[in-house]
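Now for the letters of each chain:
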Amino acid sequence: MGLFNLLFGQKGFTHGIHPPYHKDTADKPIRRLPFPPQLVLPLDQHIGKPAIPLVVKGQEVVRGEPIAKADGNFSVPLHAPATGRIAGIELMPTPKGPKTNAILIDVYEGSTQEVLWEQPRDMSELSPQEIIQAIQDSGMVGLGGAAFPSHMKLAIPEDKQVDTLIVNGCECEPYLTCDHRIMLEHPKALLRGIRYAMRATGTEKAIIGIEDNKMDAVELLKSHLSNGSPVEVKAVETKYPQGSEKMLIKSALDREVPTGGLPADVGVVVNNVGTLAGLGDLLPKGRGLIERVITVAGPGIAKPANYLVPLGTPIRYILDYVGYEGARTEFILGGPMMGPAVSALDTPITKGTSGLLVLNEPSIEDESHKIWPCIRCARCVSACPMHLNPSMLGQLAAKRKYEEMAEDYHLTDCFECGCCSYVCPSNIPLVQYFRIAKAINREQAA
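The sections below set out a description of the structure shown in this document. Position labels on residues start from 1 in each chain and follow its written sequence. Totals for whole chains, interfaces and linings use all residues, but because this is a predicted model, local features are given only for residues with pLDDT of at least 70 and pairs of side-chain atoms are given and counted only at 80 or more. Side-chain numbers come from the whole structure's heavy atoms, not from hydrogens or water.

As for the sheet that holds strand S11 (residues 231-236)
When DSSP finds two or more bridges between two strands, those strands count as paired. Helix and strand definitions here come from DSSP, where helices need a minimum of 4 consecutive H or I residues and strands a minimum of 2 consecutive E residues; each element is numbered from the N-terminal end. With parallel pairing, the four strands of this open sheet are ordered in space as S11-S10-S9-S12. If you trace the sheet from one side to the other, it starts and ends with S11 and strand S12 (268-272), each paired once. Within this sheet the neighbouring strands show an average axis-to-axis angle of 25°, counted without direction. In terms of strand pairing, strand S9 (residues 164-168) meets S12 through five bridges, oriented parallel. Axes here mean lines fitted to C-alpha atoms, for a helix over just the part in contact, with angles spanning 0 to 180 degrees between N-to-C directions.

Digging into the state of the cysteines
When two cysteine sulfur atoms lie within 2.5 Å, the pair is treated as a disulfide. All told, the structure shown has zero disulfides when counted by the stated rule. For Cys 178, which is in no disulfide, the shortest distance to another cysteine sulfur is to Cys 172 and amounts to 12 Å. Cys 419 carries a free sulfur, and the closest cysteine sulfur to it, the one in Cys 417, is 3.5 Å from it.

Structural notes on unusual backbone geometry
Excluding glycine, most residues fall at negative phi; most peptide bonds, likewise, are trans. Pro 241 follows Tyr 240 through a cis peptide bond whose omega is 5°. Positive phi, normally seen in glycine, also occurs at Ala 147, with a value near 60°. Looking at the element boundaries, Ala 147 is found in the loop between helix H2 (128-138) and helix H3 (150-154). With phi around 60°, His 387 is a residue other than glycine that occupies positive phi space. Within the element layout of this structure, His 387 appears in the loop between helix H10 (379-383) and helix H11 (390-398).

Regarding the nonpolar core
The nonpolar side chains of a soluble globular protein tend to be buried with one another. Here, nonpolar core means buried Ala, Val, Leu, Ile, Met, Phe, Trp, Tyr and Cys residues that are tied together by side-chain atoms lying within 4.5 Å of each other. Here's how the labels work: a residue is buried when its accessible area is under 20% of the maximum for its type, exposed when over 50%, partly exposed in between, all with a 1.4 Å probe on protein chains only. Within the largest apolar cluster, 61 residues are counted, with the highest numbers of intra-cluster contacts made by Ile 67, Ile 105, Leu 165, Leu 190, Ile 194 and Ile 208. Throughout the structure description, domain borders are defined by an automatic or database domain assignment. Residues from two domains meet in this core; each of domain 1 (3-27 + 119-285) and domain 2 (35-114 + 291-360) gives at least three. Contact between two residues is taken to exist if any of their heavy atoms lie within 4.5 Å; hydrogens are not considered. The residues contacting Ile 67, other than those within four sequence positions of it, are Leu 41, Ile 52, Pro 53, Leu 54, Val 55, Val 61, Leu 78, His 79, Ala 80, Ile 103 and Ile 105. Counting 20 residues, the second-largest nonpolar core is a separate cluster that includes Met 247, Cys 424, Leu 430 and Ala 437.

If you want it as structure tokens, here you go:
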């Protein structure tokens, strides 16, 4: 049990790590990034079926206009982040790796870029089902990185009952501070979004969980709550991966999600603060998600800060604007623990991108990065927040015993937080092994 929990008598999850946090942009207000000459908008910016284009090459669109519709319940629409002309629908690089179909928009340089498409609504008149539909119409997904369609997350299955909405304001990844700034700068939008989510899910109370290295956000949000409010702000221990759903549920409510289970199995639904603040802003106006706040940071950045970025902005444009320095560099979309590394500078910012991290790695090929055999030190076992045995899983992966990993060693419980890889003195890329094993098992099951 951590010192925080001993001092304050609170429950928390065991294991985890304390990496250097590098939250140097936490005191930098959100700034708007200028519009690039062209936006690249992948049709699969969410988990589920890609959106279906509504536009054709040469068509003019205005900022906020729907340009792709949802393909069924497990999909969300796409809206134009800028006024311009459709340049085409082409295969383009994405944060996921393989090229996918994307709508290209040539941005009109002389446009004021006002939002010209919206359908304001009275949220107080909507039923829970209508709120869910409004959320899908907005194109909102989980902005914490998972990009899970928000309307599906808030649509509680009929055989489940939830009593608590947990609002994830932990932001435990190093470098990232965009959620921190949203809590400080947009508390009213966040609290509105929480009320909408509570009505949609029928939850009786909400807990905003924030790591205790962000006490300014804790105190500010508390100041916006009245006595007797069903919304509570709770400071939790600063520890990675505190922002994981299962870890935060344990820390905030002392409930444990069963193996293979979901938060709804213990009466909880979890949403990110950025997601709910976005809903609080977009739903009354009847607008779609067209931009998001990201943290741009790292030793390779001259002007690190939190930027409000139009979706579809290429990495190359952001780097030119913030003053990218360095030659041998690694680009990470998100945080360093779980974010994917990308090489193509044409890769765009998508709905699930929480940050652009630029790391200068002058020693990337030296001996310190060589992979050595496992020495059975058990550091990975002590670090794993899911209490798995990453060492054994890694050895089974090397022998390609993927089914045994899942059946006997609970591979599916791994959410790829990276704690095991971080502490491994042999530099074994355990998380990459686990991702490969999961992918192969999914293919075989299909």
